[in-house]
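Examination of the molecular architecture
Listed below are the residues making up each chain.
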Amino acid sequence: MPSGYEIPILGYGVYQTPANIAAEVVEHAIKVGGYRHVDSAVAYRNEAPSSEGMKKSGIPREQLFFTTKIPPKDMSYENAKKHVQNSLRETGFDYIDLYLLHAPYGGKENRIGAWKALVEGVEAGVIRSIGVSNYGVYHLDELETYIKSTDEKEGQGKGGVLSVNQVELHPWLARKDIVDWCNERGVVLEAYCPIVRATKTNDPLLTSLAKKHNKTTSQILLRWSLQMVSISPYYLFPKSYDPQGFRAPP
Ligand SMILES: NC(=O)c1ccc[n+]([C@@H]2O[C@H](COP(=O)([O-])OP(=O)(O)OC[C@H]3O[C@@H](n4cnc5c(N)ncnc54)[C@H](OP(=O)(O)O)[C@@H]3O)[C@@H](O)[C@H]2O)c1
């Protein structure tokens, strides 16, 4: 990533994973599914059990990667500062690998304020990399302008380093404008909903490809995303909390 840290290509998403089963499924995803990266968020209300599952997996912390996000409704400097401290407390981790702004809500002042709080988290050594989520080109430009002007005034890196933009990306939502913006700057794209929430399993083209290659429709969609990795920094988060869903990676 632009921060200099590495990020595992496959992440395990825990959106809508109930807190009472999150520890168990995260442990299973790491041990059986081979995942090393867990994508949580304050809004998912499962930071604590997700981190518990990571610890229970027995895999050393430095080999695991944990993402969380500032909730859209709490986008401001003060709220973001509190959330960073709270995520550290909830997880018991010394550092968060990747902290994102979940969505560009709250108006410009609050978006920039929340970003500053993440930059301060990096400076304090409790966050390694920072980024955004659900940012289109308008909001990416806004953030880039702030980063550049702060770097010019206060010194290189003072505006923060944008490492990631996590957006919905799959063949039905390819977002070329966002993909191009990120690729031109080396910002890592993370693809969420890579299997389109299993809503396209009856799509005629997808089912014909699955039949032709003797794969499931989900495997075809994951392959589409994985092949994007070879042409751009592109990462994805399939999600399942059904243990049957943990098949060998396609
Ligand atoms: N930043 C954001 O705003 C944002 C928004 C949405 C998502 N995300 C991240 O991206 C992750 C993934 O997104 P998502 O969960 O919305 O969408 P997704 O991964 O495209 O789809 C998940 C759905 O597919 C089902 N599924 C999983 N494996 C399957 C398989 N092999 N065959 C058929 N169905 C299967 C799951 O059901 P079961 O669980 O019952 O298996 C679940 O209902 C989230 O968990 C979250 O970490 C981020």
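This report concerns the structure included in the present document. (Residues numbered from 1 in each chain as written. Predicted model: local features only at pLDDT ≥ 70, side-chain atom pairs only at ≥ 80, totals over all residues. Heavy atoms only, no water.)

Turning our eyes to something else, we now look at the environment of Val132. Mapped onto the fold, Val132 is located in strand β5 (residues 127-133). Setting aside anything within four residues of it in sequence, one finds Val132 in contact with Leu100, Leu101, Trp115, Leu140, Leu143, Leu162, Val164, Asn165 and Gln166. (Helix = DSSP H or I, 4+ residues; strand = E, 2+ residues; numbered from the N terminus. Contact = heavy atoms within 4.5 Å.)

Another aspect to go through is unusual backbone geometry. The backbone phi angle of Cys193 is positive, close to 55°, even though this residue is not glycine. Its location among the elements puts Cys193 in the loop between β7 (188-192) and α7 (204-213). Given a relative accessible area of 12%, Cys193 falls into the buried group. Phi is positive for Asn214, close to 55°, though the residue is something other than glycine. The topology assignment puts Asn214 in the loop between α7 and α8 (217-229). (Buried < 20%, exposed > 50% of the residue type's maximum accessible area, 1.4 Å probe, protein only.)

Leu101, Trp115 and Leu162 are the most contacted members of the largest nonpolar core, which totals 48 residues. Considering every element that reaches this core, the biggest residue donor is helix α4 (residues 108-123), with 6 residues. Discounting chain neighbours no more than four positions away, the residues touching Trp115 are Leu101, Ile130, Gly131, Val132, Leu143, Tyr146, Ile147, Gly159, Gly160, Val161 and Leu162. (Core = buried A, V, L, I, M, F, W, Y, C linked by side-chain atoms within 4.5 Å.)

With that settled, the discussion passes to the side chain of Glu27. When you line up the elements, Glu27 lands in helix α1 (residues 19-31). If near-sequence neighbours (up to four positions away) are discounted, Glu27 is found in contact with Gly53, Lys56 and Ser57.

The next point concerns the pairing of strand β4 (residues 96-101). Summarising burial for β4: 6 of the 6 residues are buried, a large majority. Taken together, the 4 bridges between strand β3 (residues 65-70) and β4 define a ladder with parallel strand orientation. Paired with Lys69 across the strands is Leu100, a residue of β4. Between the parallel pair β3 and β4, the chain is carried across by helix α3 (residues 77-91), and the sense of this crossover is right-handed. Both β4 and β5 contribute to a ladder of 5 bridges, which runs parallel. (Pairing = 2+ DSSP bridges. Right-handed = clockwise from strand over helix to strand, strands pointing away.)

Scanning the entire structure with this criterion turns up 3 aromatic pairs. When the centroid spacing of 5.5 Å and the interplanar angle of 70° are considered together, the rings of Phe66 and Phe93 count as edge-to-face. Here Phe66 is found in strand β3, whereas its partner Phe93 is found in the loop between α3 and β4, with 27 residues between them in sequence. We classify Phe66 as buried; its relative accessible area is 0%. When the ring centre of Tyr95 is taken as reference, the NZ or CZ atom of Arg61 above it lies at 4.3 Å. (Phe/Tyr/Trp six-rings, centres within 6.5 Å; stacked < 30°, edge-to-face > 60°. Lys NZ or Arg CZ within 6 Å of the ring centre and 35° of its normal.)

With that out of the way, let us pick up α4. Between the first and last C-alpha of α4 there are 22 Å, a value that for 16 residues agrees with the 22 Å anticipated at 1.5 Å per step. Where α4 is concerned, the buried positions are Arg111, Ile112, Gly113, Ala114, Trp115, Ala117, Leu118, Val119 and Gly121. Buried positions along α4 lie against β3, α3, β4, β5, α5 (137-154) and β6 (162-168). Directly beyond the C-terminal end of α4, a positive phi value near 80° is found at Gly125. (Expected span 1.5 Å × (residues − 1).)

What follows concerns the pattern of salt bridges. Scanning the model with the defined rule gives 11 salt bridges in all. Lys56 serves as the salt-bridge partner of Glu52, at 3.4 Å between the closest nitrogen and oxygen. Of this pair, Glu52 and Lys56 are both found in helix α2 (residues 47-56), 4 residues apart, which corresponds to roughly one turn of the helix. Overall, the relative accessible area of 38% leaves Glu52 in the partly exposed class. The residue Asp74 makes a salt bridge to Lys73 at a minimum N-O spacing of 3.4 Å. A residue is classified by how much of its surface remains accessible, and Lys73, at 70% relative accessible area, is exposed. Several salt bridges share partner residues, and in doing so they unite Glu144, Glu184 and Arg185 into one network. (Salt bridge = Lys/Arg side-chain N within 4 Å of Asp/Glu carboxyl O.)

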